[in-house]
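Single-letter residue listing:
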Amino acid sequence: MSNIPRLRRGFRFQWEPAQQSHVLLYPEGMVRLNGSAGAILAEVNGARSRAEIIESLERQFPEAGSLAGDVDEFLTEATRQHWIEWP
Amino acid sequence: MNGAQDGVGPPLWLLAELTYRCPLQCPYCSNPLDYADQDRELSTEQWLDVLRQGRAMGAAQLGFSGGEPLVRTDLPELIAGARELGYYTNLITSGLGLTEAKVQAFADAGLDHIQVSFQASDPELNNAVAGSRKAFDQKLAMARAVKDAGYPMVLNFVIHRHNIHQMADILALCENLGADYVELATCQYYGWAFANREGLMPSKAQLVEAEATVNRYRSDLLSREHPMKVIFVTPDYYEERPKACMNGWGSLFLTVAPDGTALPCHSARLLPIDFPNVTEQSLEDIWYRSPGFNHYRGDQWMPEPCRSCDEKGKDFGGCRCQAYLLTGNADNADPVCGKSPHHDRILAARTAADHATTGLEELIFRNARNSRVICRS
Ligand code: SF4
Ligand code: SF4
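This write-up is about the structure you can find in this document. (Residues numbered from 1 in each chain as written. Chains lettered and ligands numbered in written order. Predicted model: local features only at pLDDT ≥ 70, side-chain atom pairs only at ≥ 80, totals over all residues. Heavy atoms only, no water.)

Focus on the overall build of chain B
On a plain count of helices and strands, chain B comes out with 15 helices and nine strands. In terms of C-alpha radius of gyration, chain B reaches 20 Å, essentially the compact-globule figure of 21 Å for 377 residues. The principal-axis extents of the C-alpha atoms in chain B amount to approximately 50 × 50 × 50 Å. Buried residues in chain B amount to 57% of all 377 residues. Within chain B, counting contacts between residues at least 6 apart in sequence, those at least 24 apart form 73% of the total. Counting only carbon and sulfur atoms, one obtains 51% of the accessible surface of chain B, whose full area is about 15300 Å². (Helix = DSSP H or I, 4+ residues; strand = E, 2+ residues; numbered from the N terminus. Rg over C-alpha atoms; globule rule 2.2 N^0.38 Å. Buried < 20%, exposed > 50% of the residue type's maximum accessible area, 1.4 Å probe, protein only. Contact = heavy atoms within 4.5 Å. Areas by Shrake-Rupley, 256 points an atom, 1.4 Å probe, with all protein chains shown as cover.)

Focus on the site of ligand 2
Residues and elements named next belong to chain B. Neighbouring ligand 2 are Arg241, Pro242, Pro305, Cys306, Cys309, Glu311, Lys312, Asp315, Gly317, Cys337 and Lys339. When atom positions are compared with the pocket grids, ligand 2 is found to occupy the largest cavity. Looking at the shell around ligand 2 residue by residue, the class counts come to five nonpolar, one polar and five charged. (Near = heavy atom within 4 Å. 1 Å grid on protein atoms, 1.4 Å probe; cavity = no way out; pocket = protein on both sides within 12 Å on 5 of 7 lines; lining within 4 Å. Sits in = over half its atoms within 2 Å of the grid points. Nonpolar A, V, L, I, M, F, W, Y, C, P; charged D, E, K, R; others polar.)

Things to note about the nonpolar core
In terms of nonpolar packing, the biggest core is built from 91 residues, with Leu14, Phe64, Phe106, Leu155, Phe157, Leu184 and Met228 of chain B touching the most fellow members. With seven residues, the top contributor of residues to this core is helix H5 (residues 135-148) of chain B. With near-sequence residues (within four places) excluded, leucine 184 of chain B lies in contact with Phe157, Ile159, Met167, Ile170, Leu171, Val214, Val230, Ile231, Phe232 and Val233 of chain B. Among the nonpolar cores identified, the runner-up in size contains 23 residues, and Leu24, Ile53, Leu75 and Ala78 of chain A belong to it. (Core = buried A, V, L, I, M, F, W, Y, C linked by side-chain atoms within 4.5 Å.)

Some words on the state of the cysteines
What we call a disulfide is simply a covalent bond connecting the sulfur atoms of a pair of cysteines. All told, the structure shown has zero disulfides over all chains when counted by the stated rule. Cysteine 321 of chain B takes part in no disulfide bond, and the closest cysteine sulfur to it belongs to cysteine 265 of chain B, at a distance of 4.2 Å. (Disulfide = S-S within 2.5 Å.)

Considerations on the layout of surface pockets
Considering only enclosed or pocket space, the second largest pocket measures out at about 740 Å³ in volume. Along the walls of the second largest pocket sit 24 residues, with Arg80, Gln81 and His82 of chain A together with His226 and Pro227 of chain B positioned nearest its centre. At the level of elements, helix H3 (68-80) and strand S5 (84-85) of chain A together with helix H9 (204-223) and strand S7 (229-233) of chain B are the ones that each hand at least two residues to the lining of the second largest pocket. Counted by class, the lining of the second largest pocket contains 13 nonpolar, five polar and six charged residues. (Points joined across faces, edges and corners; volume = space filled by probe spheres on them.)

Overview of the pairing of strand S3 (residues 88-93) of chain B
Residue and element names in this part refer to chain B. For S3, a buried count of five out of six residues is recorded, marking the element as mostly surrounded by other parts of the structure. Where strand S2 (residues 61-65) and S3 come together, four bridges link them in parallel fashion. Paired with glutamine 61 across the bridge in S3 is tyrosine 88. After leaving S2, the chain enters helix H2 (residues 75-85) and then returns to the sheet as S3, a path that is right-handed. Judged from the four bridges that link them, S3 and strand S4 (residues 113-118) form a sheet pairing that is parallel. From the neighbouring strand, leucine 91 faces S4, where its bridge partner is isoleucine 114. In this fold, the crossover linking S3 to S4 by way of helix H3 (residues 100-109) has right-handed handedness. (Pairing = 2+ DSSP bridges. Right-handed = clockwise from strand over helix to strand, strands pointing away.)

Shown next as structure tokens:
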């Protein structure tokens, strides 16, 4: 298991104007993501490591302080839901 | 872009029933009983236009179904068009008519997911239910091809009294094939399944055993950290409260039938309501303003016991089609509800399921001859 997450096969992440939010699409299902979940998943591209994702988000949201805890919590949940994998 | 109008949100799911044609004859088919006399189909350009309009309104999930959608030779073109528009596209197929080359060509066109439906876990029963002698082997081959091409694998089994004892075998087969999702969908009794209900509905004892088997398998998967997800849709005839059908009439789902008739759910065609057609009106007019789609929105239409019930915001009074089929009036509470004065009809169906002796071969199979016979009488 690496420390580089990627979306599970068959999952697609995209912005939906009609819902004014990011969504995760998968076979016959759709999850509407809140702002922070959307921002984190936008960084998951199969190339960035966990540490790089945190770094990138902290650069985008400097006023938020350390994001390691929030990112870890979300990535753990997303892994548990089998939305993302660590190949 | 248009947002919500009068509290009505956009249709997020679009189901395109491309055709009623199908090489199989499942006795629980959800197509209308008179499908044989409804052979008009939208053209490629008309379908692409429907997809464009739906996407502009906000639809994100798109299902291609039927009938058997593979009989439409323009399917690759429709898939490519849908992908370009940004849909997540699902192909719902029996696997008949599929080839490895097509599986690959669809992937290249941008198809996201292929769901292959099975009738049972072994060839004899599968083929008997499907009314086809070579269906099972073809399905297995295509399930493997789907996986090899890199799609997520979703296998669907329609469950009834003749295969419900196979749960453990079905799940083992799915795991062997490498399925990501398994849908064990008990028949919903509309269309052909309603005509065959006595011969399809499992008994309570069968259901209890099946649920126990599925739950055992689920916890086994969990302990192995296996990602296969098992969805078991149990028959609402054994519930005391109805399902929140389609998440509410005209709230998320929009179905377009082969001839362009727009419906709030794929069985609503059986209701005595005039539904609009995409060849005559824009999708936006249909969704937000047509009498057909507004018919059962909100709760003003509800008679008692729903009208004064504090659960009406939760289940919307249940399924209109079920209310119509079982009580003759689609406004009534879904008889599945214990508060419905027609609940005895559900109880009678349960009793009948305990004593049913209808053999598989006695079911009315979905084919053109039976369609015409039933709909003439
Ligand atoms: S349920 Fe069976 S007969 Fe009906 S469309 Fe599907 S595969 Fe064909
Ligand atoms: S009475 Fe109507 S609204 Fe109340 S629970 Fe039953 S079906 Fe639902």
